[in-house]
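Here is what each chain is made of, one letter per residue.
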Amino acid sequence: MIDHMNFLFVGVGGQGVLTASDIAAQVGLDLGLDAKKSEVHGFAQRGGVVESHIRWAPRVGSPTCEEGTVDILMSFEMLEAARWLTYLKPGGIVIVNRQKITPMSVSVGNAVYPDEAAILAALKQRASRVIVVDALPLAEQAGNPRTVNTIMLAALSTLLETAPAVWETAILRRVPGKYAEVNKAAFRLGQQAAQISTD
Amino acid sequence: MKRLLSGNEAFALGAWEAGVQYASAYPGTPSTEILENFARYPGIKAEWASNEKVALDNAIGASFGGARTIAVMKHVGVNVAADSLMSVSYTGVKGGLVLISADDPGAFSSQNEQDNRQYARFGKFPCFDPADSEEARQFIGVALDVSEQFKTPVLMRSTTRLSHSKSAVEATVPGTREFQPLPPFEREAEITRVILPAIARMRHPVIEQRLSDVRRWAETTAFERGVNRVEWNDKALGIVTNGIAYQYAREVLPHASILKLGMSYPLPLQAIRDFAAQVETLIVLEELDPFIEDQLKAAGIAVAHGKDIFPLCGELTLAKVRQGAIRAGLIENHESRIMIHDSMIHDSPITIPPRPPALCPGCPHRAFFYALSRNKRKVVIPGDIGCYSMGVLPPFEAMDMLISMGAGIGMGHGFKQAGGQEGVVAVIGDSTFFHAGMPPLASAVYNKANIVVAVLDNRITAMTGQQHHPGTGTTLQGQEGHHIDIAAVVRAMGVTYVEEVDAWDVNAMNKALRAALKHEDGPAVLIVRGACVFTPHFHYQPRMQVDPQKCVACGSCFRVGCPAILKSEEIYPTNNKAKAIIDPLLCTGCTVCMQVCPTQAIAPIEER
């Protein structure tokens, strides 16, 4: 039985991180726990970094997680996983979308985007398990590139002692009826991707 | 049923449940969603005002008419409204009036992190501080009661962390409600609302008495209604705390007794004295200023720790509270989380590039800032507050000063009139123009200040998430209002040089800037017309692509700062630099990069 969970969802503005974190917080309530989530809006819309904290517990105090206490870091973008790694507790789990979104600092030549191998090595140094999901192609395969967040949540659902159906129901409650089928397909692809990830 | 609501959603719900009939606001992060949510409830009127002072004045009028009302703004917006705020404290109110101020500790999206609890002491009115969404919802109703009982405006202080966090709220499904006309206006028997000097002198002792009355309420009723409360635990340590800091106190120091203040002004000093007498050590935990701490010390209450261990600057976090508690010996450092954190930063094997915000692909500000950056050696650029504040960032670096809403025109004017030799291009947005841009423009016209004023008219209040304003003519509740044409306004104000430019035409922008800088008969106004990509007025066009055969890796297109233009893995051998590629998922087809490419390597994709 789950009683305390700290999640940190990170990514880039426009990737659907905030919607996904809303759903994850709602699942906490659905499981009968208290839940809070917290993020900073504003500049994040303009291609900036997005971070959203989700906490489940019998009674949640702070809406944000403390560094070094996150059980599962879910990153919608490779670089952002590395940026937020200090929040992960040693031995925690990382789920990372293989997508890379070039920051302006890199495209104007002031910085270099690290190699994927170097990022994964850094993640593995701290995490007990790193699950890499190629979410964008899978979302396209499901029929809509905007289902990336459903793919990611499906991957997350395989890691917890929760029935995946709890997650799928919470997702379907949030999407308009005409997108139900494409999200169901995305959910299945996300579950499979997490199970076959060997990283 | 419990629902997850953000603090802002909960404020809106609480206001509706408490019978607020009229609300006015100017958008500003982190306050914006309060009115956006309130506007959806039945039987109410909710409006965007042209600025925060107007919003508060609207609310004061509604209150004098007898309606329950809220005015909503971000913390710095209260500075704009402060003229009326300080005096409505003197006049008092009729219908409950609550000003919601959303502060921004950490300055995530603001020009400062001022602590607006100080306004309550300054203006002598009460200040409430909810600690989660449920309190945000409940305290609004209590604050309106206090406002009516004591005939005082009330400050409801939120922070980014409260406004933008979601927590569970016991939410019933809202019923329906009809909009009620106000009762006939009652002229006062004894004048209080016409605040002439003689009336002000008479009112001052009245509001001092009111403050003592509210203080008595804070000692008694505030505890009965759950606004202030004591949570007894181990009496070795007692914590006086308020707002979101309460959450950190409970988590970091779970064994301590807590006096939680839902109201940080006026303080229930007797209750705090009693609490202090029963605990061995008393500390104060609060975000930003030592607002409570200073009042306790002034009252002679012994405070063992406060701002000596907890930071004065920046947003509080669990880690900062824990570090302070360890430093003061309140808890042992047996958990080495903080050490782990530090070592990770130093040992990280990879350098992580920053990801600053950027103008969106297709943004109507891009060509303007590109043209301005080409001319910036000859000009001084006072800026303003909006997405276009990002003109200061690379690759443009085309902004020299930015202070507050509407300040750009006035600063440019002062710089020029004081003898500044460079040309001046003051940059302002459309919503900001209506907010605080018209008075400084009038002053510049009147005094014949030879400056260029560029109004970037993207047809929306973009930065805060696309809110309407007088220039768009659509109201908050989605009705047709009147729309005001900026060009007509500036001509009517006596500007003798007004030119409108297509936001995406780089050459026209260059020419317009240079021509405007030559004008010498008072301000020249350049209106850059182009709708924000998030509005329905924005037209997507065929996407661009780079022909790698023609690209010479000159970097020109990188200098338009578009997130859709990326470095290719293909290197141009002559200069050994990366060629450009365009991300087709991000490109909107705005053509700015195509216009600046010297080798015609960028062209629209033939649509399939």
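Everything quoted here is computed from the prediction, not taken from an experiment.

Caption draft 1: Broad picture of the overall build of chain A. Across its full length, chain A carries 8 helices and 6 strands. Along chain A, from the amino end to the carboxyl end, the secondary structure elements read β-α-β-β-β-α-β-α-α-β-α-α-α-α. Here the C-alpha radius of gyration of chain A, 16 Å, is about what a compact globule of 199 residues would show, namely 16 Å. With the principal axes as the frame, chain A shows a C-alpha extent of 50 × 40 × 35 Å. Residues counted as buried form 59% of the 199 residues belonging to chain A. Partitioning the contacts of chain A with sequence separation of at least 6, the portion at a separation of at least 24 is 65%.

Caption draft 2: Layout of the overall build of chain B. Broken down by element type, chain B carries 20 helices and 22 strands. Relative to the 2.2 N^0.38 estimate, which gives 25 Å for 608 residues, the radius of gyration of chain B is 27 Å and therefore close to what a compact globule would have. Considered along the principal axes of its C-alpha atoms, chain B spans approximately 80 × 65 × 55 Å. For chain B, with 608 residues in total, the buried portion stands at 53%. For chain B, contacts bridging at least 24 residues in sequence account for 74% of all contacts bridging at least 6.

Caption draft 3: Local environment of the sheet that holds strand β4 (residues 69–74) of chain B. Residues and elements named next belong to chain B. Pairing is mixed across the open sheet formed by 7 strands, whose spatial order is β3-β2-β4-β5-β7-β6-β12. Looking along the sheet, the strands with just one partner apiece sit at the ends: β3 (45–48) and β12 (263–265). Where strand β2 (residues 22–25) and β3 come together, 4 bridges link them in parallel fashion. Bridging across to β3, S24 finds its partner in E47. Across the sheet, helix α3 (residues 52–64) is in contact with β2, β3, β4 and β5 (97–103); its angle to β4 comes to roughly 170 degrees.

Caption draft 4: Molecular detail of the sheet that holds strand β2 (residues 34–39) of chain A. Read across the sheet, 8 strands follow the order β6(A)-β5(A)-β4(A)-β1(A)-β3(A)-β2(A)-β8(B)-β1(B) without closing on themselves; strand pairing throughout is mixed. In this open sheet, the two strands that pair with only one neighbour each are β6 (129–133) of chain A together with β1 (2–6) of chain B. Averaged over all pairs of adjacent strands, the angle between their axes in this sheet comes to 20 degrees, without regard to strand direction. The sheet contact formed by strand β5 (residues 88–97) of chain A and β6 of chain A spans 5 bridges and is parallel. When the bridges of β6 of chain A are listed, I95 of chain A appears paired with I131 of chain A. Together, β5 and β6 of chain A form the strand contacts of helix α4 (residues 116–126) of chain A, whose direction differs from that of β5 of chain A by roughly 145 degrees. Packing against the sheet, helix α6 (residues 133–150) of chain B makes contact with β1 and β8 (165–170) of chain B, and its axis sits at approximately 60 degrees to β8 of chain B.

Caption draft 5: Highlighting helix α4 (residues 75–91) of chain B. Residues and elements named next belong to chain B. Here α4 contains 17 residues, and its C-alpha end-to-end distance of 23 Å stays within 8% of the 24 Å for a straight helix at 1.5 Å per residue. Remark: the principal bend of α4, roughly 70 degrees, maps to A81. At its buried positions, α4 is contacted by α3, β4, β5, α5 (117–123) and α8 (197–219). After α4 finishes, the residue G92 shows a positive phi value of roughly 80 degrees.

Caption draft 6: Here's a closer look at the domain arrangement of chain B. Residue and element names in this part refer to chain B. Split into domains, chain B comes out as domain 1 (2–185 + 193–219), domain 2 (226–339), domain 3 (366–529) and domain 4 (544–604). The gap between the C-alpha centroids of domain 3 and domain 4 is 29 Å. Between domain 3 and domain 4, the residue contacts involve 7 residues of the former and 10 residues of the latter. For the side of domain 3 that touches domain 4, the element with the highest residue contribution is helix α15 (residues 366–374), accounting for 3 residues.

Caption draft 7: View of helix α1 (residues 17–30) of chain A. All names here are of chain A. Taking 1.5 Å of rise per residue, the 14 residues of α1 would be expected to cover 20 Å, and the 20 Å separating its terminal C-alpha atoms lies within 8% of that figure. When you tally the buried positions in α1, you get 10 out of 14 residues, the bulk of the element. In the segment just after α1, G32 is the residue with positive phi, at about 90 degrees.

Caption draft 8: Up close: the pairing of strand β11 (residues 256–261) of chain B. All names here are of chain B. Along β11, 5 of the 6 residues are buried, which leaves the element largely enclosed by surrounding structure. Pairing between strand β9 (residues 228–231) and β11: 4 bridges, direction antiparallel. Residue V230 lies in a different strand from β11, and its bridge partner there is L259. Alignment of strand β10 (residues 234–242) against β11, held across 6 bridges, turns out to be parallel.

Caption draft 9: Highlighting the interface of chain B and chain A. Opposite the 46 residues of chain B that make contact, chain A presents 47 residues. Those elements that provide at least two residues to the side of chain B that touches chain A are β1, α7 (160–163), β8, α10 (245–252), α13 (318–327), α14 (337–347) and β20 (565–572) of chain B. Per-element accounting of the side of chain B that touches chain A gives the leading share, 5 residues, to α14 of chain B. Its residues assigned to classes, the side of chain B that touches chain A shows 26 nonpolar, 12 polar and 8 charged. Pairing analysis gives 3 bridges linking β2 of chain A to β8 of chain B, with the strands arranged antiparallel. Each residue of the ladder has a partner; that of K36 of chain A, found in β8 of chain B, is S167 of chain B.

Cut-offs used in this document
Residues numbered from 1 in each chain as written. Chains lettered and ligands numbered in written order. Predicted model: local features only at pLDDT ≥ 70, side-chain atom pairs only at ≥ 80, totals over all residues. Helix = DSSP H or I, 4+ residues; strand = E, 2+ residues; numbered from the N terminus. Rg over C-alpha atoms; globule rule 2.2 N^0.38 Å. Buried ≥ 20, exposed ≤ 12 C-beta atoms within 10 Å, placed from the backbone. Contact = placed C-beta atoms within 7 Å. Pairing = 2+ DSSP bridges. Axes fitted to C-alpha atoms, helices over the stretch in contact; angles between N-to-C directions. Expected span 1.5 Å × (residues − 1). Bend = angle between axes of the 7 residues up to and from the residue. Domains from an automatic or database assignment. Nonpolar A, V, L, I, M, F, W, Y, C, P; charged D, E, K, R; others polar.

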